[in-house]
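Fold and geometry: a report
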Amino acid sequence: MAEPHSNSGGASSNATAEVLKQIKKYESEVGLAYEEIPPDLCEGQTLHLNAWSLIANDNTLVSIAVCTCNRVDKKAAEIMKSVDSGLKDTRVLSVREAAKARTREQANEVVGLEELCMNGAVGIGDVGMKALGEHCASTLRILHLSHATRVSDVGLRLVGMRAYRLLELNLSGCNAVDGVGIAAFGEAASNLVLLNLSGCSRLASWAFQRLVCGCRLLEDVDVSYCHRLEDLDLAVMATNCRRIRRLNLRDGKQFSDIGLVEVAKRCEALEWVDTSRSELPWKITDVGILGLAESCGMLKTLVAQGCDQLTDVAMSWLGRGCQALTHLDLKNCAKISNAGVRALSEGCYDLRYLDLTKMKGVTDTGVRALAANCAGLTHLFLGGMYMLTDGKKRDFGLEGLQALCGHAKNVEALHLVGCFQISKGALYSIAKGSFCEVLKDISLASCPNLDESAFVALVRKCRALEKVSLANCGECVTEKMIEQLGRNCRHLTHVDLTGSANGVAAPGIKALVLGCRKLVHFNLNGCVRVDDLCLAPFGDVGAAHFVPGLETLNLSGCPLIGDMGLAFLADGLSSCNVSLNLLGSKVASSGLMSVSERWKYSDIKKAPHFFGLYPMKRWKDRVVINSYAGSFKAANRLQRIFRGKKGREEARLVRAQFYRGWVVLRMQSWWRGRVAREYFQLLVWEFERRAHAHEMLVGFKMIIDAKERRRKLREFRELAIAAKAALQVQRVFRGHLAKLRCARLRAEREALFARQRSSAVAVQRVWRGHSGRNLYKALRAAKKAEEKRRDTACRRLQRVWRGAFARKQVGDSRRALADRITLEQKCASMLQARFRRHRCYKILWKASQQRIEFVRAAVKMQAAWRGRQARRNMEFMLMVMQQDAEEAAGLQLTCWARCLQAKQTFALKKQERANLVVKASEAAKLLQRRYRGYAARRDVARVKKNKAELVRKMIELENWSAVRLQSLWRGYSGRKRAALKMRQHKGQWKEMWDPDKRRPFYYNQVSGEIRWRKPQALLDLMRKPICHNCEAFEAVVECQNCIEFYCHSCWETVHYSGKRKRHKFRCLFDYYEQRVDYGDNEFPSRWPSEVEQDELVGWQLRVGSNYGGLGHDRVAEEVRGDWEKYTDDPDSDGIVEGTLFTAKPKDEKPRVFYYNVATAEGTYEEPPEWRMYLTDDDNDGSTLMYGGAGGNLSQPAQSVYEIADTLGGMGSPTSQGIGSIGAWSTMYDTEGGTEYYVNEETGETTYEMPLQLANSPHQGSSMVQAQSEWTKHFDDQFEVDYWFNNSTGEATYERPSDFIET
């Protein structure tokens, strides 16, 4: 009971770990910065959203459609404005609607969506495709939606029906597409150029044929992994699409030479073809390559990985027909030898890329031919060539790698994986070669004979190396090699040191870490000397040291690494998204969990071959999304800071402008006060001057009066003379005073004019600025109006031009007449002007004489008038001076009153402003308080919503966890019951000991069966042996001479040539991977009775001339169709050199062996087909007779093919005849265990019973006659079926091959 308890505890712990893993996965999924693609990225005519497809869904396509519609509507409105001017007088509604429709179509063509790339968008479905098809499909030119697993034919058809302009279509990995959606593109997208349907395993043939029939301009077609397409589909495609340049047929199970030849015949422009196979490789042979070589002379790239039926013949055809070939991949094509490589190199001189991996038949000779003829090679892969050596210098030249290093100058990648004969000579040759400076990738994995000094010389010369592999090189890798690699090759990105147990230590790793800053992949698997101190350089340099960043670090199999080394890695590589494998180290799960948070995009993964941190799915896309979010937030923050700074700057400018205006007003006020004060002072000075002048005049008047009285007293007689003298003095004085007053008034007027001019200049400057701005606006508006008017005039120009041209001719005649009349009038006017001028001169002379007389009289009158006016002016000036004094006093009083009123008004305004500021602050506080309440309520609602969503998700997660736990428990219980049933089934047999014969025997406790040989059920429980050579893989072969077990690769390596090639061996497992029982005798023991082999020649093909390569010639005793008959030599003792079997007894009767040359099948039992071919003794065997189930057909044997056609549907070596009625025969397939029916006349085969047999009354009797000796029974105890042989009494749980259902 302890064991089930421990198992259940393990199951529950596994379930808990699985739940925690799913929770971590859920958190990582929701840990992205966005749940959907931002709307800003959905705007534009070209959308490349491959990195954002991780969060794309139907809403994304709907947003793209909405943005496209808005953009089209805006552009249509702009176009419609220019069209409305021509439709102002149109009142018919249909005309305007038609104009709107045309306008929208035109706008859609201009700004519609053209490119959409969203590869890997597993979240989009038919809803988004519907929106895309309704609004954007008509303008799409490129559509890439690979691995959109939710998109079905419904959504795809909505897009395909409107994709009239589509040029590129990528639907690779869309497994939900059957064919209807693909066929829609064939009806609409007639201009399609690129088509990628890779991985569409459900694609129907009729849909593909309809697509290629409609899209005749295809140039690039990818139908790899389309398992339902056949050769007929390729033929239809080649018939309709003759411009194809690229064709990918990788792993198309139904494609064969027939389809490839059809494509090659009709598509002569092919430049790139991929026919790689991982299943059914025999369908691509030399015939398909022949079709390409004969028709496609421009072929540049051919990928044929895994096509193991290609031979040297295909290479010779390629060399003759495809001389433009530059890229050739022949990986795993093992039948090609030196002859094929030589023929290929002699024809294809421009080869740049060549992969010859695992071509065991290619040696130094083939490499020498490549080096001599293909000097432009850049990538050469020679892995798995066991016979490749360093090469030697012979009389005719260099061989092997030395020849390659001497002729090739541009080799950038050289792979020598598994070439165990490579040693220091090859390394020195590469170091001295002409391509050492450009070599970037070299792989020396599984080359155990490397030399330290040669490798150091190599890395010192090849400083451009980026990828180096020394995996499984064993003890030849030393610490100095690693250290020199790190010091000299600064551009390394990939370093593989797997299995370098003694060569990798702290100095080498430090040199690599410090010297190689571009390191991306670093593999230290199995380096047992690597400890925690070796990882210290990672912590010292930091993540910023590696550019672009370390992605893979494999430390599996390093038992000295502990938590300290993990801490060094966490300190130095925390910002790198690294894949860290710590399987087999001392790091525990708790330590790994404690530092896992430092790697944001990695999860803890536990698997049989991995323990550590593994990057999340599409982690690079996650980095792009989160980086965009960070950049977007930073940009928003910068914009916010810039707007704040700009607002503060504007506020500062507004404040400065306000203060500048305030200062200007204050200065103007101060200036006006100063000017007023100066003007007042001038008025005071003028008043004093006038008062002084008045006093002087009064004094003069008193003097004159005194003189006059004195004269009157003294000289009464001279009164008249004195009066005249007084009058003369007064006249002179008044004239002088008048002159002084005129000068003063003139100065005042000039000052007034100067002030007016300065004021006018300022006003004019302001007015010019204002009028200039208004004029600029008016000119801008006039320019727009002029442009609009010009456009209108241009549209009317054609209409006006025809009338203007006709009017021009009439106008020319009228202008000529008008010019003539104008000339006459001009002459008349000149004569009249001259006459008037003469009269005018005469009148003016008379007027000038009269004016002279008038002037004389006026001078006299003015003299009298001036004297009178001077006296009146004196009185008026006195009155004006008195009024000015009164006005000045009133003006000063008014100024004082206004200043007092202005101060009171300013105080009131200041108080009102303070009150307004208080009210504004109170209102702002009220708004802030209300906004905080609203924001708090909104946050609470959002928190509640998030909490409810989290609760819902946790409930869903709990339900999912419960379901997962239940499924795990049910799986565990099922496996436990299955294991129990299997143990019970295999425990039926019990090993016992026979004391008489002194050997063990086996007893079945259920059926009571007894066997001397160990049953298969017990053999399956035996532990599989391990290869003694590599000690890494399971052994499949045992050698008698070496007494060791070998795996496939080690057997081919060790026993490839020399004396070991003739060692005797045997296979440990049969075709179905079941252990073979060879008995208890020593090697080589006999085979079990259930498996009979040709004891003379073993399990290899030992028939025909020189069979098995051992030199034993055997001639068939009799040949019937494809079957040959052989008989053991009665005189031979049965011992054949190099075989697996011992001599047979002399008294044993020779046995007959049958061999089929077509199927390579051999058997000791007479096959059913042997009796179908009967020899007619009458004509000496020249006629072959067919003796089928009911046939007596006899005809001369024209050829083997005619006989095969005659026997077409009558069964194979694995079929048995049951009975026949008429032309139909009933056959039984012993391999499949089913019956099928063959028509001997037409060759038709079917698994359904024909009507002729179903309605025949003899149908049942034929079946009874064909019943076998086996009967089927049911075991009630174990509830299984078993079979019993009525003749031999044998019982078995496995269905016999000759059992027939009754």
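Note: the structure precedes this text.
The model shown is predicted, which means the values in this text are computed figures rather than measured ones.

This next bit is on the overall build of the chain. A tally of regular secondary structure across the chain gives 29 helices and 43 strands. The proportion of buried residues among the 1302 residues of the chain is 35%. Accessible area of the chain: about 78600 Å², with a carbon and sulfur share of 55%.

To continue, consider a positive patch on the surface. Where like charges cluster on the molecular surface, the positive patch consists of Arg460, Arg463, Lys480 and Arg490. Locating Lys480 in the fold gives a position in helix H17 (residues 479–488). Residue classification places Lys480 among the partly exposed residues on the basis of a relative accessible area of 42%.

For the rest of this paragraph, the subject is unusual backbone geometry. Phi at Lys358 takes a positive value of approximately 60°, unusual for a residue other than glycine. With respect to the helices and strands, Lys358 occurs in the loop between strand S11 (353–355) and helix H13 (364–373). In the Ramachandran plot, Ser446 falls in the positive-phi region, its phi being about 60° despite a non-glycine side chain. Checked against the element boundaries, Ser446 lands in the loop between strand S16 (441–443) and helix H16 (452–461). Assessed through its relative accessible area of 27%, Ser446 is described here as partly exposed.

One pass over the full model with this rule turns up 30 salt bridges. As a salt-bridge pair, Glu279 and Lys253 come within 3.2 Å of each other at their nearest N and O atoms. With Glu279 in the loop between strand S8 (272–274) and helix H10 (286–295) and Lys253 in the loop between strand S7 (246–248) and helix H9 (257–266), the pair connects residues that are 26 residues apart, well separated along the chain. Salt-bridge contacts for Asp571 lead to Arg598; the nearest nitrogen and oxygen are separated by 2.7 Å. Residue Asp571 is located in helix H20 (residues 563–572), and its partner Arg598 is located in the loop between helix H21 (589–595) and strand S22 (602–607); the two are separated by 27 residues in the primary sequence. Overall, the relative accessible area of 47% leaves Asp571 in the partly exposed class.

A few words on the sheet that holds strand S41 (residues 1270–1275). On the basis of which strands lie adjacent, the open sheet formed by three strands has the order S41-S42-S43 and antiparallel pairing. Of all strands in the sheet, those with a lone pairing partner are S41 and strand S43 (1291–1292), marking the two edges. Of the pairings in the sheet, the one linking strand S42 (residues 1280–1285) to S43 comprises two bridges and is antiparallel in character. When the bridges of S43 are listed, Phe1284 appears paired with Ala1291.

Here we come to helix H7 (residues 205–214). Every buried residue of H7 is accounted for by Ala207, Phe208, Leu211 and Val212. The buried side chains of H7 occupy one side of the element, clustering within an arc of 125° when seen end-on. Among the structural elements, helix H6 (180–188), strand S5 (194–196) and helix H8 (231–240) are those in contact with the buried residues of H7.

Strand order in the open sheet made by the three strands is S28-S27-S29, with antiparallel pairing throughout. Two strands lie at the open edges of the sheet, namely strand S28 (1044–1046) and strand S29 (1065–1067), each paired on one side alone. Adjacent strand axes in the sheet meet at a mean angle of 25°, parallel and antiparallel pairs treated alike. Bridging between strand S27 (residues 1037–1039) and S28 involves three bridges; their strand directions are antiparallel. Considered in S28, the bridge of Cys1039 is made with Glu1044.

Under the criterion given, the structure shown has 13 aromatic pairs. On the basis of an interplanar angle of 50° and a centroid distance of 6.2 Å, the ring pair of Tyr34 and Tyr628 is categorised as tilted. Of the two residues, Tyr34 is situated in the loop between helix H1 (2–30) and strand S1 (46–48) and Tyr628 in helix H22 (residues 619–714); the sequence distance between them amounts to 594 residues. Note on Tyr628: relative accessible area 25%, which makes it partly exposed. Ring centres 5.9 Å apart and planes at 65° place the aromatic pair Phe700 and Phe733 in the edge-to-face group.

Turning our eyes to something else, we now look at the pairing of strand S32 (residues 1152–1156). Buried residues dominate S32, accounting for four of its five residues. Across five bridges, the pairing between strand S31 (residues 1123–1127) and S32 is antiparallel. Bridging across to S32, Glu1124 finds its partner in Tyr1155.

Moving on to the packing of H17 against helix H18 (residues 506–515). Where H17 contacts H18, the axes come no closer than 7 Å and their chain directions differ by 10°. One finds that H17 runs roughly parallel with respect to H18. Residue-level contacts link Glu479, Ile482, Glu483, Leu485, Gly486 and Arg487 of H17 to Pro507, Gly508, Ala511, Leu512 and Gly515 of H18.

Within a regular strand, the side chains alternate between the two sheet faces. Across six bridges, the pairing between S41 and S42 is antiparallel. For Thr1271, the partnering residue across the bridge sits in S42 and is Phe1284.

Next up on the list: the nonpolar core. If you look at the biggest cluster of nonpolar residues, it comprises 182 residues, and the most contacted ones within it are Phe522 and Phe538. Discounting residues that sit within four places of it in the chain, Phe538 has contacts with Ile509, Val513, Phe522, Phe546, Leu550, Leu553, Phe568, Leu569, Gly572 and Leu573. In terms of nonpolar packing, the next biggest core, distinct from the first, is built from 13 residues, Cys1027, Val1037, Cys1047 and Phe1069 among them.

Moving on, we come to the side chain of Asn581. Mapped onto the secondary structure, Asn581 falls in strand S21 (residues 579–581). For Asn581, a relative accessible area of 7% gives the class buried. From its side chain, Asn581 meets the backbone nitrogen of Leu583 in a polar contact 3.2 Å long. For Asn581, the contacting residues outside a window of four places in its chain are Leu553, Asn554, Leu555, Ser556, His609, Phe610 and Phe611.

Let us look at the packing of helix H15 (residues 424–432) against H16. H16 packs onto H15 with a crossing angle of 20° between their chain directions and a minimal axis gap of 8 Å. When the interaxial angle is binned, H15 and H16 end up roughly parallel. Judged by the sense of rotation from one axis to the other, the crossing of H15 with H16 is left-handed. Side by side, H15 and H16 meet where Lys424, Leu427, Tyr428, Ile430 and Ala431 of the first sit next to Ser453, Ala454, Phe455, Ala457, Leu458 and Lys461 of the second. Of the residues contributing to the contact of H15 with H16, the split by class is eight nonpolar, one polar and two charged.

By volume, the second largest pocket amounts to about 1800 Å³. Lining the second largest pocket are 42 residues, with Arg672, Gly673, Ala676, Arg677 and Leu891 sitting closest to its centre. Going through the elements one at a time, H22 and helix H23 (719–986) are the ones with two or more residues in the lining of the second largest pocket. Ranked by residues supplied to the lining of the second largest pocket, first place goes to H23 with 23 residues. Its residues assigned to classes, the lining of the second largest pocket shows 24 nonpolar, four polar and 14 charged.

Rules of the game
Residues numbered from 1 in each chain as written. Predicted model: local features only at pLDDT ≥ 70, side-chain atom pairs only at ≥ 80, totals over all residues. Heavy atoms only, no water. Helix = DSSP H or I, 4+ residues; strand = E, 2+ residues; numbered from the N terminus. Buried < 20%, exposed > 50% of the residue type's maximum accessible area, 1.4 Å probe, protein only. Areas by Shrake-Rupley, 256 points an atom, 1.4 Å probe, with all protein chains shown as cover. Patch = residues over 30% accessible without salt bridge, like charges linked within 9 Å, V, L, I, M, F, W, Y side chains within 5 Å. Salt bridge = Lys/Arg side-chain N within 4 Å of Asp/Glu carboxyl O. Lys, Arg positive; Asp, Glu negative; His and termini not counted. Charge placed at Lys NZ, Arg CZ, Asp CG, Glu CD. Pairing = 2+ DSSP bridges. Arc of directions from axis to C-beta. Contact = heavy atoms within 4.5 Å. Axes fitted to C-alpha atoms, helices over the stretch in contact; angles between N-to-C directions. Phe/Tyr/Trp six-rings, centres within 6.5 Å; stacked < 30°, edge-to-face > 60°. Parallel < 35°, antiparallel > 145°, perpendicular 65-115°, else oblique. Core = buried A, V, L, I, M, F, W, Y, C linked by side-chain atoms within 4.5 Å. Polar contact = N/O pair within 3.5 Å; in protein donor to acceptor, adjacent residues only side chain to side chain. Left-handed = near helix turned anticlockwise from the far one by under 90°. Nonpolar A, V, L, I, M, F, W, Y, C, P; charged D, E, K, R; others polar. 1 Å grid on protein atoms, 1.4 Å probe; cavity = no way out; pocket = protein on both sides within 12 Å on 5 of 7 lines; lining within 4 Å. Points joined across faces, edges and corners; volume = space filled by probe spheres on them.

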